[in-house]
Amino acid sequence: MKPESEEQLAEMVRSANGPLSVRGGGTRHVPGDGEALTTSGLTGITLYEPGALTLVARAGTPMAVVEKALAKEGQRLPFEPMDHRALLGTKGTPTIGGAVAMNVSGPRRVQAGACRDSLIGVRFVDGEGTVIKNGGRVMKNVTGYDLVKLVAGARGSLGVLSEVSFKVLPSAATSVSLLIEGLDVTRAVACMSMALASPYEVNGAAHVPVGLDGTPVTMIRIEGLEGSVTYRAAKLQALLSSFGTVVVERRSGREGGLGVEAGWAWIRDVKAFEGTDGDVWRVSARPSHAPDIVARAGAEAALLDWGGGLVWLRLPEGTDLRARLGDFGGHATRVRGTGPGALPPEPDALATLTSGIRARFDPRGLFNPMTGV
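Just so it is clear, the structure is predicted and the values come from calculations on it, not from any experiment.

On a plain count of helices and strands, the protein comes out with 13 helices and 17 strands. Against the compact-globule benchmark of 21 Å for 373 residues, the protein has a radius of gyration of 21 Å, which places it among compact chains. Each principal axis of the C-alpha distribution contributes one length, and for the protein these read about 65 × 50 × 35 Å. The 373 residues of the protein split such that 50% are buried. Of the contacts formed within the protein by residues at least 6 apart in sequence, a portion of 69% connects residues at least 24 apart. Positive and negative side-chain charges of the protein, numbering 40 and 38 respectively, have mean locations separated by a distance of 3 Å.

Structure follows, in structure tokens:
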């Protein structure tokens with residue numbers, strides 16, 4: 001089923017006689033048992049006011065269309081949405097609704113927040129075929145803001161998104177990466193923590209134990225106006241000098257190539273794991289726990305983002321990472337592969353709350369279970 005209007009979507013949901021396998025562009029979807037329902041027919045930017053830093057788009061609008069429209073006005077989505085195709089080996093088209101459903105957030109999350117923090121309004125169809133509008137189309141209208149946050153990251157389990165509204169931000173005139181090679185995971189986390197705790201407005205901090213040339217590399221990003229970035233880069237270079245030689249890689253405007261942008265896209269999309277075998281796990285925890293997590297996981301490969309608060313791990317197929325880690329004060333999600341449940345088990349109280357919310361929005365149990373990718 002491929003509705004081309006919100007009214008058609010609502011009618012299809014009302015008429016459904018069994019589970020629906022809801023998807024956007026198919027880049028993050030794990031096939032389910034239900035009848036396929038795609039939002040890829042709900043496309044188009046319905047409102048864009050650059051002066052008000054506001055954009056509204058139908059859920060099936062390709063992410064590339066949104067980003068192109070924003071780039072023409074020198075703006076961008078603050079949360080730097082990840083493209084899962086390299087990691088999952090999928091061929092679809094990422095959509096703005098899919099990013100909301102998964103609460104997809106990239107390296108800039110350490111400064112700009114997650115997808116849900118930029119989301120100011122949604123329209124969706126619940127399990128009874130009712131169209132629900134929540135939040136607004138401009139930043140000063142935040143009616144029902146908590147429900148907007150609830151839908152982001154619900155993985156389509158509460159309803160099918162038809163329209164989303166965002167606050168956007170100006171693009172950076174200058175981007176700089178500070179690179180330190182040769183650090184182990186413990187030293188890298190200490191380095192990233194020092195950078196993030198500094199007053200120099202770091203908006204990216206990542207570590208790759210095995211870089212493209214086989215050497216560990218720690219990456220720190222700052223962005224902004226040319227003069228400000230130059231000043232902050234020099235200060236950070238001096239601050240982090242105790243960790244080793246700090247190389248500054250620059251990209252200013254259209255000059256200097258795409259080294260910085262490509263490097264952070266590589267981190268964002270976990271391209272280090274592209275074309276590899278095995279399961280991929282996404283672990284969220286306190287950055288200070290990252291070195292112990294990497295050591296206990298015994299992974300074939302690892303990548304740290306968010307200053308160590310996000311750890312990507314590649315393990316042999318069927319590995320139960322949660323059993324290896326035990327109680328580590330965070331949660332582990334299987335993003336690719338088979339074996340233990342993809343999502344971490346919920347405590348009893350939270351599971352009861354989740355079940356109650358789902359029963360309210362999807363009483364017939366039509367939509368995606370909270371499993372899969």
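Before going further, it helps to spend a moment on the pattern of salt bridges. Pairing between side chains of opposite charge can happen when the charged atoms of each approach one another. By the definition in use, this model includes twelve salt bridges. Linking Arg-14 and Glu-11 is a salt bridge whose minimum nitrogen-to-oxygen distance equals 3.1 Å. Placement of both Arg-14 and Glu-11 in helix 1 (residues 6-15) is noted, with a separation of three residues, approximately one turn of the helix. Given a relative accessible area of 42%, Arg-14 falls into the partly exposed group. Take Glu-11: its relative accessible area is 40%, and that puts it in the partly exposed class. With a closest N to O distance of 3.4 Å, Arg-108 and Glu-223 form a salt bridge. Residue Arg-108 is located in the loop between helix 4 (96-102) and helix 5 (109-112), and its partner Glu-223 is located in strand 12 (residues 217-224); the two are separated by 115 residues in the primary sequence. The two residues Arg-108 and Glu-223 agree in class, both being buried.

Turning our attention to helix 2 (residues 63-72). Three- or four-residue spacings in an α-helix give side chains the same orientation, since the helix completes a turn every 3.6 residues. Restricting attention to buried positions, one finds in helix 2 the residues Met-63, Val-66, Ala-69 and Leu-70. Looking straight down helix 2, one finds its buried side chains confined to an arc of 135°; they lie on one side. Facing away from the buried side of helix 2 by more than 90 degrees, the exposed set consists of Ala-64, Lys-68, Ala-71 and Lys-72. Elements that come into contact with the buried residues of helix 2 comprise strand 3 (45-49), strand 4 (54-58), strand 5 (75-76) and helix 4. In the segment just after helix 2, Gly-74 is the residue with positive phi, at about 70°.

The buried fraction of strand 17 (residues 331-336) amounts to five of the six residues, a majority that puts the element mostly inside the structure. Both strand 14 (residues 279-284) and strand 17 contribute to a ladder of five bridges, which runs antiparallel. Within strand 17, the position partnered with Ser-284 by the bridge is His-331.

Geometry of an aromatic ring pair is reported as the spacing of the ring centres plus the angle between the planes. Scanning the entire structure with this criterion turns up two aromatic pairs. Measuring from ring centre to ring centre gives 6.1 Å for Phe-124 and Phe-361, while their planes differ by 45°; the resulting arrangement is tilted. Of this pair, Phe-124 sits in strand 6 (residues 119-125) while Phe-361 sits in helix 13 (residues 348-361), and the two are 237 residues apart along the sequence. Both residues of the pair, Phe-124 and Phe-361, count as buried. A cation over a ring is seen here: Arg-109 above Trp-306, with NZ or CZ 4.7 Å from the ring centre. Seen from the ring of Phe-361, Arg-360 lies directly overhead, with NZ or CZ sitting 5.9 Å from the centre.

Spatially, 3-4-8-6-7 is the arrangement adopted by the five strands of the open sheet, whose pairing is antiparallel. Edge strands, defined here as strands with exactly one partner in the open sheet, are strand 3 and strand 7 (131-135). In this sheet, adjacent strand axes meet at a mean angle of 10° when their direction is disregarded. Where strand 4 lies against strand 8 (residues 160-167), five bridges are found, and the strand directions are antiparallel. Each bridged residue has a counterpart across the sheet, and for Thr-54 the counterpart in strand 8 is Lys-167. The strands touched by helix 1 within the sheet are strand 6, strand 7 and strand 8, with strand 6 carrying the most contacts at an inclination of about 50°. Docked against the sheet, helix 2 engages strand 3 and strand 4, running at close to 25° with respect to strand 3.

Positioned with a positive phi, Leu-53 is a non-glycine residue whose angle comes to about 55°. One can find Leu-53 in the loop between strand 3 and strand 4. Despite not being glycine, Asn-103 shows a phi value in the positive range, around 55°. By the secondary structure assignment, Asn-103 is in the loop between helix 4 and helix 5.

With that settled, consider the side chain of Arg-221. Mapped onto the secondary structure, Arg-221 falls in strand 12. At 2.8 Å, the side chain of Arg-221 forms a polar contact with the side chain of Glu-80. The contacts of Arg-221, once residues within four sequence positions are left out, are Glu-80, Pro-107, Arg-108, Val-176, Ser-177, Val-202, Asn-203, Gly-204 and Trp-264.

Within the largest apolar cluster, 49 residues are counted, with the highest numbers of intra-cluster contacts made by Leu-77, Leu-161, Phe-166 and Trp-312. When neighbours within four sequence positions are excluded, Leu-77 is seen to be in contact with Met-63, Val-66, Leu-70, Ile-96, Arg-108, Phe-166 and Val-168. If you look at the next biggest cluster of nonpolar residues, it comprises 37 residues, including Ile-222, Ala-233, Val-283 and Leu-304.

Analysis parameters
Throughout, a residue's number is its position along its own chain's written sequence, starting from 1. At least 70 in pLDDT is required for a residue's local features to be given in this predicted model, at least 80 for side-chain atom pairs to be given and counted, and no such filter applies to totals for whole chains, interfaces and linings, which use all residues. Working from all heavy atoms in the structure, the side-chain values ignore hydrogens and water. Every helix listed is a DSSP run of H or I at least four residues long, and every strand listed is a run of E at least two residues long, numbered separately from the N terminus. Here the globule rule is a power law, 2.2 Å times the number of residues to the power 0.38, and the radius of gyration is based on C-alpha atoms. Each residue gets one of three labels from its accessible area relative to the maximum for its type: buried under 20%, exposed over 50%, partly exposed in between, using a 1.4 Å probe on protein chains only. Residue contacts follow a heavy-atom distance rule, with two residues in contact if any of their heavy atoms lie within 4.5 Å. Neither His nor the chain ends is counted toward charge; the positive residues are Lys and Arg and the negative residues Asp and Glu. Charged groups are reduced to one reference atom each: NZ for lysine, CZ for arginine, CG for aspartic acid, CD for glutamic acid. For this analysis, a salt bridge means a side-chain nitrogen from Lys or Arg found within 4 Å of a carboxyl oxygen belonging to Asp or Glu. Each C-beta atom gives one direction from the helix axis, and the arc is the one those directions make. Being paired, for any two strands, means DSSP has found at least two bridges between them. Geometry of aromatic contacts follows a simple scheme: Phe, Tyr and Trp rings, the Trp one being its six-membered ring, pair when their centres are within 6.5 Å, and the pair is stacked under 30 degrees between planes, edge-to-face over 60, tilted otherwise. We count a charge as sitting over a ring when the NZ of a lysine or the CZ of an arginine lies within 6 Å of the ring centre and within 35 degrees of the ring normal. Orientation is described by axes fitted as lines to C-alpha atoms, over the contacting stretch for helices, and by angles from 0 to 180 degrees between their N-to-C directions. Polar contacts here mean pairs of N or O atoms no more than 3.5 Å apart (in protein, one a potential hydrogen donor and the other a potential acceptor; neighbouring residues in sequence count only if both atoms are side-chain atoms). Within this scheme, the nonpolar core is defined by two criteria: the residues are buried Ala, Val, Leu, Ile, Met, Phe, Trp, Tyr or Cys, and they are joined through side-chain atoms within 4.5 Å.

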